[in-house]
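So you can see what is in the structure, the chains are spelled out below.
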Amino acid sequence: MSGVSGRSGVVVAGVGMHPWGKWGRSFVEYGVHAARRALADAGVAWADVDLVVGGETVRNGYAGYVAGSTFAQALGWNGARVATSYAACATGAQAIDTARARILAGLSDVALVVGADTTPKGFLKPNAGERWDDPDWLRFRVLGMTNPMYFALYARRRMDLYGATSEDFAAVKVKNARHGLANDNARYRKEVSVEDVLASAVVSDPLHLLDICATSDGAAAVVLVSDACAARLGLADPVRVAAVSTVTPTYPQAVIDMPLLATDSTAAVAAGERTFKESIGAAAYEEAGIGPEDVDVAEVYDLSTALELDWMEDLGLCARGEAESLLRAGETTIGGRIPVNPSGGLACFGEAVPAQAIAQVCELAWQLRGQATGRQVEGARVGVTANQGLFGHGSSVVLVR
Amino acid sequence: MTSSPPATPVVEGWFTDGAEPALIAARCTACGDLVFPPTAAAACRNPRCAGEEHEAVALSRRGRVWSCTDAQYQPPAPYVAPQTEGEPWRPFALAAVELPEGLVVLGQVADGFGVGDLRVDSEVELVVEVLHVDESGPRTTYRWKPVAS
Ligand SMILES: [Zn+2]
């Protein structure tokens, strides 16, 4: 849309990905692949990058803890400044925010942001060892509480409060599977029916196996540049970063959140006007100077099918309890009023933690440039992402063109 | 014949046992903020409170279901299965329960009950049951039991 200025000063010059899958190779290899694609897309030489920011991966040893320098070395030391971010599932957005802040401060002209992961099979589980003071360890030992069980709590609540059905949740998967069919970077590119979802095993009532996203290998990268650099590159009408929200919760956080065993209490202070997830989107809109009514396309974190419905409401794309009616009316399908997850979402990708929030930004960049072949949201000019991780992390990025 | 070792809580200080068991929260002596599981930290989590002292208080034994689910596959370690070797693992239910003190606490649902026995806003009561048996003997935990209406 026109009339949206956002906060200018940071341009998305290039984006690139390594396809998601279970490739069983090093995360470094995926990261370098994505980085080179993003650099080529931007028309920027690696030698000219003055800042590299890596998204940390915690399951790949020391090289993963210092991902920024690991990627820099693999691309060939070029003397760039370096940073590495970790914010659980919001890692990629925090890495983008770090690069954006240095560009806005005038300390960087050309920044490369890379996130990549190689993941184990099955449930994500805590690191080994006994840690009686670590909630992420305690929730498994005392409760047997896996990530899908948290997703299932939110899903059950939608059913009891808003009349959501298992068929509604399945319809999210059906929609996203169709969206992802033409996406070369998606891991799963296959039509799925409501019956397929309902026939898959129940993992945690009411969620079936096909309601829950897998873990994947993959990598995503973006090249962010200053206005001056964008002009030098001759980028006309580029995609801009209008906002990156990485707000933490406001006390008391009254909605149960992974991996905690309880919420804050409202004994001393009443719960605020907004939930944590609502505040993530609200801060992004405020920073971009737009409202949810300006959004043309959204990439939201569908760790489960039901969570996509929660996010639509958390982002203000519809009123509380109305996500199912939008879904049923086809309004969140490409061609509808507000297409959600045109990339196919986590349903088609599976989660590659440090890469996923960057992948959301890559998809929006392609959508806003009109280059999302086979899944284009026609005329999209404003896109928003939403993402949430453990321990009070979350993110929302607004891109405009 | 040797007597079996006595049951001990899986975590010390989280709940009381006996006829009327209850969860133990840490209450800030300055502002009254409640924290469960009880924190060992001195500083209050209320950002507007400079309190540096907590006292142990019992929480209400009854609350209302915020939501519930179950585990139909065995969770990974450090979860410890309650069954002895050779016995099949059994799914268990779990509820998030809103207490009158204004916090939601996750807990397993009492033995013999499942998600079919619960819905959002139904009433539950705290009980203490054996979670699993380890080298020190039976380890107990708090659980939520549906209140017959
Ligand atoms: Zn206090």
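The structure we're discussing is the one just above.
Conventions used here
Residues numbered from 1 in each chain as written. Chains lettered and ligands numbered in written order. Predicted model: local features only at pLDDT ≥ 70, side-chain atom pairs only at ≥ 80, totals over all residues. Heavy atoms only, no water. Helix = DSSP H or I, 4+ residues; strand = E, 2+ residues; numbered from the N terminus. Rg over C-alpha atoms; globule rule 2.2 N^0.38 Å. Buried < 20%, exposed > 50% of the residue type's maximum accessible area, 1.4 Å probe, protein only. Areas by Shrake-Rupley, 256 points an atom, 1.4 Å probe, with all protein chains shown as cover. Lys, Arg positive; Asp, Glu negative; His and termini not counted. Charge placed at Lys NZ, Arg CZ, Asp CG, Glu CD. Contact = heavy atoms within 4.5 Å. Donors = N, O, S within 2.8 Å, 3.2 Å for Na, K, Ca; no water. Tetrahedral: all angles 85-135°; square planar, octahedral: opposite > 155°, others 65-115°. Pairing = 2+ DSSP bridges. Axes fitted to C-alpha atoms, helices over the stretch in contact; angles between N-to-C directions. Phe/Tyr/Trp six-rings, centres within 6.5 Å; stacked < 30°, edge-to-face > 60°. Lys NZ or Arg CZ within 6 Å of the ring centre and 35° of its normal. Salt bridge = Lys/Arg side-chain N within 4 Å of Asp/Glu carboxyl O.

> How would you explain the overall build of chain A if you had to name every residue and give the values?
A count of helices and strands for chain A gives 14 helices and eleven strands. On C-alpha atoms alone, chain A measures out to a radius of gyration of 20 Å, which is about the 21 Å that the 2.2 N^0.38 rule sets for 401 residues. Each principal axis of the C-alpha distribution contributes one length, and for chain A these read about 55 × 50 × 50 Å. Residue burial in chain A is summarised as follows: out of 401 residues, 61% are buried. Per element, the accessible surface of chain A, about 13,800 Å² overall, is 51% carbon and sulfur. Here chain A contributes 34 positively and 45 negatively charged side chains, and the mean placements of these two sets differ by 5 Å.

> Describe the overall build of chain B, naming the residues involved and giving the relevant values.
Check the secondary structure of chain B and you find zero helices and nine strands. Secondary structure elements of chain B occur, N-terminal to C-terminal, as β-β-β-β-β-β-β-β-β. Taken along its principal axes, the extent of the C-alpha atoms in chain B is 55 × 40 × 30 Å. For chain B, the residues scored as buried account for 49% of the 149 residues in total. Residue pairs at least 24 apart in sequence account for 53% of intrachain contacts in chain B once pairs closer than 6 positions are excluded. On chain B, the mean spot of the 11 positive side-chain charges and the mean spot of the 20 negative ones are 5 Å from each other.

> Before we move on, can you summarise the coordination of the zinc ion with the specific residues and values?
All names here are of chain B. At this site the zinc ion is bound by Cys28 (SG), Cys31 (SG), Cys44 (SG) and Cys49 (SG), with donor distances of 2.3 to 2.4 Å. Considering all four donor atoms around the zinc ion, the spread of angles at the metal, 104 to 115 degrees, places the coordination shape in the tetrahedral class. Considered as a linear motif, the donors of the zinc ion on their single chain read C-x2-C-x12-C-x4-C.

> Explain the side chain of A:Ser279 to me, using residue names and the numbers behind them.
Residues and elements named next belong to chain A. When you line up the elements, Ser279 lands in helix 10 (residues 276-288). The buried category is assigned to Ser279, whose relative accessible area is 16%. The residues contacting Ser279, other than those within four sequence positions of it, are Val247 and Arg274.

> So, the sheet that holds strand 7 (residues 217-226) of chain A: which residues are in play, and what are the values?
Residue and element names in this part refer to chain A. Taken in spatial order, the nine strands line up as 3-2-4-7-1-8-11-10-9 in an open sheet, and their pairing is mixed. Every other strand in the sheet has two partners, leaving strand 3 (81-85) and strand 9 (297-300) as the edge strands with one partner each. Pairwise comparison of adjacent strand axes, ignoring direction, gives a mean angle of 25 degrees for this sheet. With five bridges joining them, strand 8 (residues 239-245) and strand 11 (residues 394-400) adopt antiparallel strand pairing. Note that in strand 11 the partner of Val244 across the bridge is Val397.

> Describe the packing of aromatic side chains, naming the residues involved and giving the relevant values.
Within this structure, the stated rule accounts for eleven aromatic pairs over all chains. Each ring, one from A:Trp132 and one from A:Trp137, has its centre 4.7 Å from the other, and the planes form 65 degrees; the classification is edge-to-face. Under the relative-accessibility criterion, A:Trp137 is labelled buried at 1%. The rings of B:Trp14, B:Phe15, B:Phe36, B:Tyr142 and B:Trp144 are connected pair by pair, giving a single aromatic cluster. When the ring centre of A:Tyr154 is taken as reference, the NZ or CZ atom of A:Lys277 above it lies at 6.0 Å.

> Go over the pattern of salt bridges, please, and point to the residues and values.
Residues and elements named next belong to chain A. Evaluation of the coordinates by the stated rule reveals 32 salt bridges over all chains. When the shortest N-O distance is used, the salt bridge between Glu313 and Arg158 registers 2.5 Å. Of this pair, Glu313 sits in helix 11 (residues 305-314) while Arg158 is found in helix 6 (residues 147-162), placing the two residues 155 residues apart along the sequence. Put simply, Asp237 and Arg401 hold a salt bridge, and the shortest N to O gap is 3.4 Å. You can see Asp237 sitting in the loop between helix 9 (227-232) and strand 8 and its partner Arg401 sitting in the segment after strand 11, a full 164 residues away along the chain. In this structure Arg401 comes out as partly exposed when scored by relative accessible area, which is 26%. Each member of the salt-bridge network shares a partner with another, and the members are Arg158, Lys277, Glu278, Asp310, Glu313, Asp314, Arg320 and Glu324.

> Lay out the sheet that holds strand 3 (residues 34-35) of chain B with the relevant residues and their values.
Residues and elements named next belong to chain B. Pairing within the open sheet is antiparallel, and its three strands lie in the order 3-2-4. Each edge of the sheet is formed by a strand with only one pairing partner; in this case those strands are strand 3 and strand 4 (54-58). With two bridges joining them, strand 2 (residues 24-28) and strand 3 adopt antiparallel strand pairing. Its bridge partner lying in strand 3, Arg27 is registered against Leu34.

> Lay out unusual backbone geometry with the relevant residues and their values.
Of the consecutive residues A:Tyr251 and A:Pro252, the connecting peptide bond is found in the cis state with omega at -5 degrees. Looking at the secondary structure, you find A:Pro252 in the loop between strand 8 and helix 10. Put simply, B:Phe36 and B:Pro37 share a cis peptide bond, and its omega is -10 degrees. The topology assignment puts B:Pro37 in the loop between strand 3 and strand 4. Unlike most non-glycine residues, A:Asn341 shows phi in positive territory, near 55 degrees. Tracing the backbone through its elements, the reader meets A:Asn341 in the loop between helix 12 (323-328) and helix 13 (345-349). A:Asn341 sits in the buried class, given a relative accessible area of 0%. Residues other than glycine seldom take positive phi values, yet A:Phe391 does so here, at roughly 55 degrees. Summarising the element assignment, A:Phe391 is placed in the loop between strand 10 (382-388) and strand 11. Note on A:Phe391: relative accessible area 44%, which makes it partly exposed.

Geometric descriptors of this kind do not, in isolation, establish any biological role.
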